[in-house]
Amino acid sequence: MTIMIRIALAILFVDNLVVGAWNAFWPASFYTNFPTVDLTPPFSEHYARDFGTASLAIALLLGIAAVKPRAHFVIPAAGAYSVFAVPHFFFHITNMEQATVGEAILLTTANAAVALIGLVIILLTVLRDRRVARRNFESARAAH
């Protein structure tokens, strides 16, 4: 289960690193070239750079958790990501007036997938740690 947690963390880490760096260092390019971003004008360099650096901060947490997938790193990292990703998903599904059908499908699918990944990481971590605790309890009980 830990390998699945690490893979999911790595996916979110790379996503946040790329999107965050692009926004933080080349905000106009991100606005112009990233699919569907231009659907919610106007462009604001300030907000783009703030979003980019916040994404880089979340990437840092996700990276630490991927390297050391202990619950005390994983749950806060995935939780921080989910605090962003879940409302981001709902924003997009309620603001699609300018989107084509293809863009609407892309936005809904991509945003739902990454929002779910953050929540699934938390669930898998809790299940993994409960399973380990149960095994440890049963081993200790059998030893006595």
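Structural data are supplied above this passage.
In this convention, every chain numbers its residues from 1, walking through the sequence in written order. Where local features are concerned, this predicted model is filtered to residues with pLDDT of at least 70; where side-chain atom pairs are given and counted, the filter is 80 or more; whole-chain, interface and lining totals use all residues. Hydrogens and water are ignored here; the side-chain numbers use all heavy atoms of the structure.

## Focus: the environment of V18
Here comes step 1: Helix numbers and strand numbers start at the N terminus; a helix is a DSSP run of H or I with at least 4 residues, a strand a run of E with at least 2. Along the chain, V18 falls in helix α1 (residues 2-25).
Here comes step 2: Spatially, the C-alpha atoms of V18 and V120 are 22 Å apart, while their sequence positions differ by 102 residues.

## Focus on the nonpolar core
Here comes step 1: As used in this record, nonpolar core signifies buried Ala, Val, Leu, Ile, Met, Phe, Trp, Tyr and Cys residues forming a set joined through side-chain atoms within 4.5 Å. Exposure categories follow from relative accessible area, calculated using a 1.4 Å probe and restricted to protein chains: below 20% of the type maximum is buried, above 50% is exposed, and the middle band is partly exposed. One finds I5, L9, L12, L62, V74, Y81 and I121 to be the most contacted residues of the largest nonpolar core, which totals 18 residues.
Here comes step 2: Broken down by secondary-structure element, the contributors of at least two residues to this core are α1, α3 (45-67), α4 (71-93) and α5 (101-143).
Here comes step 3: With six residues, the top contributor of residues to this core is α4.
Here comes step 4: Apart from residues lying up to four places away in sequence, L9 is in contact with L62, A65, A66, V74 and I121.
Here comes step 5: If you look at the next biggest cluster of nonpolar residues, it comprises five residues, including L39, A99, A104 and L107. We call two residues in contact whenever any of their non-hydrogen atoms come within 4.5 Å of each other.

## Quick notes on the pattern of salt bridges
Oppositely charged side chains may form a pair once their charged atoms are brought near each other.
Here comes step 1: Salt bridge, as used here: a side-chain nitrogen of Lys or Arg that lies within 4 Å of a carboxyl oxygen of Asp or Glu. Counted by the stated rule, this structure contains two salt bridges.
Here comes step 2: Note that R49 and E45 form a salt bridge whose closest N and O atoms lie 2.7 Å from each other. Here R49 and its partner E45 are both found in helix α3, four residues apart, which amounts to about one turn of the helix.
Here comes step 3: Linking D129 and R128 is a salt bridge whose minimum nitrogen-to-oxygen distance equals 2.8 Å.

That's the geometry; what it means functionally is another story.
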